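Below, each chain spelled out in residue letters.
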Amino acid sequence: MGHGKNHIVNYSTYIFVWLTLVTLTSLTVTVASLDLGFLSVLVALGIASLKALLVLLVFMHLRFDDRMFRIFVLISFITLLIFLVLTFFDYANIR
Amino acid sequence: MMLTDIKSGNGHNGEYIDFYNAPTKRKGIFKWIFSTDHKRIGILYLVSLLTFFSVAVIFGFLMRLELIAPGKTIMDPQTYNQIFTLHGVIMIFLFIIPGIPAVFGNFLLPLMIGARDVAFPRLNLLSWWLFILGGFVAVISLFLPGGPADTGWTFYIPYSVRTNTNVIPALMGAFILGFSSILTGLNFITTIHRMRAPGMSWFKMPLFVWSLYATGWIQILATPIVGITLLLVAIERWFGVGIFDPALGGDPILYQHLFWIYSHPAVYIMILPAMGVISEVIPVFSRRTIFGYKFIAFSSIAIAFFGSLVWAHHMFTVGMSGTAMWIFSLLTFLVAIPSAIKVFNWVSTLYKGSIELEPPMLFALAFIFNFTIGGFTGLMQGALSLNIHIHDTYFIVGHFHYVMFGGTGFGIFAAIHHWFPKMFGKMYNKRNAKISFALILGGFQLLYFPMFIMGYLGMPRRYYDYLPEFHIWHLLSTIGSWILIPGLILMFVNLIMALKKGQRAEANPWGGVTLEWTIPSPPSFENFEKIPVVEKEPYDFTHYELGEEVKN
Amino acid sequence: MLTNASNFIKEVDGVFLFILGISLLLLIMITVLMVIFVFKYNRKKNPKPRNIKGNTTLEIIWTVIPTVLAVGMFYYGWYGYKKMTAAPKDAYEINVIAKMWKWDFTYPNGVTIDSLVVPINKPVKLNIKSIDVNHSFFIPAFRIKKDAIPNKDNYLWFIPQEKGVYDILCAEYCGLRHAYMYSKIYVVHQDEFDEWMKKLSVKINQ
Amino acid sequence: MNQLVESVVHEHVHRDDVGAKIGMWLFLFTELILFGGMFLAYAVYRYQYGDFFALASKKLDVFFGLINTLILLTSSLTMAMSITAIRRESKKLSMLFLALTIFFALLFMVNKYFEWSAKFSSGIFPGSTELLNQPKGIIIYFGLYFVMTGLHALHVLIGMVILLVMFFYLKSDVINSDYYIMLENSGLYWHLVDIIWIFLFPLFYLIH
């Protein structure tokens, strides 16, 4: 903790992550053109989550920051997930 | 009301100037509305909140007057519908939700954790400005052609996209107020994480601070949902995008889900800080440590967490899936448990205490009584079969007011009486305060208890007119308002008189042990001359046990 | 309360009295304890407090007992509710259309009237729809309620068990005349019902 | 007396970079949940009108979406590099990276403008007769599309303004290798805008 002491991320790390993100993007576009049925949603969201995770961990420094920030981010994503799941208990059953 | 005497705190060395008289760059009212001092902002909030409260009480009074007898009494149905909407919107968004955090949180949080201010003082001022802006936008429709919204404070779709009244200002007002609330929560969480005095570990924080922490998280994680929902209703009205309008394929039940995802946790934004207040008041007037500190602290977190998972119990009659029904019912019952734990711990705190029934304590004990009734009637609504019958009746109205007014409202009154000497450096007339307490409590019971009975008998809520068999209950209820309101007036007059004529208050008139009582009343601009180092437990009253009088 | 107007009274009033009983017991306990403590440990009588920090056994007791009670209450309420959803297949079906600010009841033979007539002791199923905003179909005497929501098909069912006239109210706020969105349900004997039905169909056919 | 004011004012603006970062993250959570509410609405309607959503999404041009995705990802890269640059005390480089970020943001908006105008000129916009004649699922799809990408674009605009301010702060040395938390926080905001788009892209353009 404290300013100036935490890790300075190298340009090369960023560029490597960026390349990965671009690769994942082209992957998801390619996969979308295939017909995977129900799986297509899962794959698309899975790739998107992976991309988001990379941005969070590297671009947004979560990997290098205090653990508390990771816990906070986890709390808010879990909250959102709970909202989604509980709402779907209403929808998934009746229609 | 300004203190001119420099030395009003006792046992304090060096030069002390209270924050009212601290030198500032600005003059007059600008000294207040542009101040980033958390204490001034707290008092700004107090004044603005009580103004809105008075307006909403007047609307409530008019509603009760209309309902004194079946048929038209003093207003037509449209006016009635608009008035109950305004009553709800103002009370909820402009009084109870900001209520304790904005006023007492702002004033006390830094004092209680031994800090000079909150983490983001300018953001804090911005919250107040947003609050005023939101309040202004929300009530501006009173003066617009078409009049204020007539949708109820819940803005249920599709009525809120059909009605011709000014719904959008109310929506935007609530949206802005949401951001004010978020910024307050954000500020408090950061403050609690970063600015605790040395030695104040998490379990040495006063319980009021714990409740503000739990509240802060709900404010941050739930409020944006209602923000976007209300924004979408406004967009629906402007552009007709179809997200909610059933004529275009929208789902009115989805609106209700989104609305209650916030608005149920909002109930805990309202009640948790009040519980925090009670946890402060009871030990002070019992002169002993609180019973089960950790259990009360964790139950705040548990309430915040479970409270976020029960929203759909507002929707048991809309035709949800069977799975959703039982899950939300069960979760609703589970959220009652941390609340019960708190009540039992508070009552146990009285055990072997040394109790003095000063006004704040009276309000706190009444809080426990009212809240217990409110809680039990809440359990009744959690039971599915029973909920079907009492949903949308006066039973709900009664329950809601027992929790929100009998709970949070009394909590606010307890807080005002408890920290009034600290905030203003003056002591009010205690006898008048006790009389006003008796009137408020008595009037409250007569006003709201009949609602349970007529609700169970089948009196639906939001009715301009009613069947003759409900007359007696409405009459009793209206009479209750005639006792309650004079009580409120007496209370406020008593406090305002105290500002002018009240005796100077000591630094620690009640013998409290949290940090805010260690500094003079009112505090200096800097709060603490030197940031204190905390060694003791938060409610260490052992000096009374040893027979010593209070030491500062 | 304490009537037998519909088949759900027993469940609803039963769970109400169950929770009310427990609540009253606990409320009295809490209040009496508060009052006793306030008097017994009054500062005049008891100037020296004792600092008791807590008691884990007590905490466990007053966590576990409310949990058990709460789960019991949940089960009781859910049990009654399950019956409310299980409409018998042979139920007499009537379509209910809610609109600002009126109820329309359409019988199987196509007759539409603005109040409800049903035979006693026979299950009735109401299919509830709304054509404008949200409403809620509410018969307080029968302890039943269901929202009428645009784009959604809801239903409820009941067995009327006592002859008489009962109120039908709208429980979900629906605008200007919400309080007057009011109708009646007549519970009559099967013979009366048949005769009334015959008369109505003749009228319609004319 | 003046000394007191000075000392107090100084006390009030005492620096806590970690605190500032906590505040920023908490704010980002509200943004996340704000969009989360809409994602929830999207999920529910997709569940109800899945076929229509698939049909409607074919009317969007994947190419536009893909280009904008790449633009935002790259802008995130330059944003992150700008922070590394200032921390390595190369102010010029940091300003260059930040300027690039702003440029990409502008590019995103231009692209968005063309995409939306194409939709508008083909008669698809909220409340258009063309759209109202379509099945309900398609009306809702485009309702969500316009609202969600619209709100996202609004965030891009706000981000641009913030980054512009940061640019001038950098230029005037308000932000420097010791005090860069403002730049870091603006970066966090910018990355969040990117993350939202990372989800919007497959949900609207890809899933058929």
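Rules behind the numbers
Residues numbered from 1 in each chain as written. Chains lettered and ligands numbered in written order. Predicted model: local features only at pLDDT ≥ 70, side-chain atom pairs only at ≥ 80, totals over all residues. Heavy atoms only, no water. Helix = DSSP H or I, 4+ residues; strand = E, 2+ residues; numbered from the N terminus. Rg over C-alpha atoms; globule rule 2.2 N^0.38 Å. Buried < 20%, exposed > 50% of the residue type's maximum accessible area, 1.4 Å probe, protein only. Contact = heavy atoms within 4.5 Å. Areas by Shrake-Rupley, 256 points an atom, 1.4 Å probe, with all protein chains shown as cover. Domains from an automatic or database assignment. Buried area = accessible area lost by both parts, 1.4 Å probe. Salt bridge = Lys/Arg side-chain N within 4 Å of Asp/Glu carboxyl O. Polar contact = N/O pair within 3.5 Å; in protein donor to acceptor, adjacent residues only side chain to side chain. Nonpolar A, V, L, I, M, F, W, Y, C, P; charged D, E, K, R; others polar. Pairing = 2+ DSSP bridges. Disulfide = S-S within 2.5 Å.

**Student:** Pulling in residues and values, what's your account of the overall build of chain C?
**Tutor:** Of the regular secondary structure elements, chain C holds 3 helices and 10 strands. When its helices and strands are written in sequence order, chain C yields α-α-β-β-β-β-β-β-β-β-β-β-α. Its C-alpha atoms give chain C a radius of gyration of 25 Å, clearly above 17 Å, the size a compact globule of 206 residues would have. With the principal axes as the frame, chain C shows a C-alpha extent of 90 × 35 × 30 Å. Expressed as a percentage of the 206 residues in chain C, the buried residues total 50%. For chain C, the share of sequence-separated contacts (at least 6 apart) that also reach a separation of at least 24 residues comes to 68%. For chain C, the computed accessible surface area is about 10000 Å², with 62% contributed by carbon and sulfur atoms.

**Student:** Give a description of the domain arrangement of chain A that names residues and reports values.
**Tutor:** Residues and elements named next belong to chain A. Per the domain assignment, the segments making up chain A are domain 1 (1-64) and domain 2 (66-95). Placing the centre of domain 1 and that of domain 2 at their C-alpha centroids yields a distance of 20 Å. The interface of domain 1 with domain 2 comprises 5 residues on the first partner and 5 residues on the second. In total, domain 1 and domain 2 occlude about 430 Å² of area from one another, counting both sides; carbon and sulfur atoms represent 72% of this. The tally of links between domain 1 and domain 2 comes to 0 salt bridges. Connecting domain 1 to domain 2 are 1 residue pair in polar contact (both at pLDDT 80 or more). Among the residues making up the side of domain 1 that touches domain 2, the classes are represented as 4 nonpolar, no polar and 1 charged.

**Student:** I'd love a proper account of the environment of Gly143 of chain D, names of residues and values included.
**Tutor:** Mapping Gly143 of chain D onto the fold places it in helix H7 (residues 136-171). Note: C-alpha distance between Gly143 of chain D and Glu130 of chain D (13 residues apart in sequence) is 13 Å. Residues in contact with Gly143 of chain D, not counting those within four places in the same chain, are Val241 and Ile243 of chain B.

**Student:** With reference to specific residues and values, describe the sheet that holds strand E8 (residues 154-158) of chain C.
**Tutor:** Residues and elements named next belong to chain C. With mixed pairing, 5 strands are arranged side by side in an open sheet as E3-E2-E1-E5-E8. Two strands close off the open sheet at either side, each with one partner strand: strand E3 (112-113) and E8. Two strands pair when backbone bridges link them, and strand E2 (residues 102-106) and E3 are joined in this way by 2 bridges, in the antiparallel orientation. Directly across from Phe105, in E3, lies its bridge partner Ile113.

**Student:** Give a detailed account of the state of the cysteines, specifying residues and quantitative values.
**Tutor:** By definition, a disulfide is the covalent link that joins the sulfur atoms of two cysteine residues. All names here are of chain C. Under the definition given, this model contains 0 disulfides over all chains. You can see Cys170 has no disulfide; the closest cysteine sulfur is in Cys174, sitting 3.9 Å from it. Taking the relative accessible area as the measure of exposure, Cys170 reaches 0% and is therefore buried. What makes Cys174 buried here is its relative accessible area of 0%.

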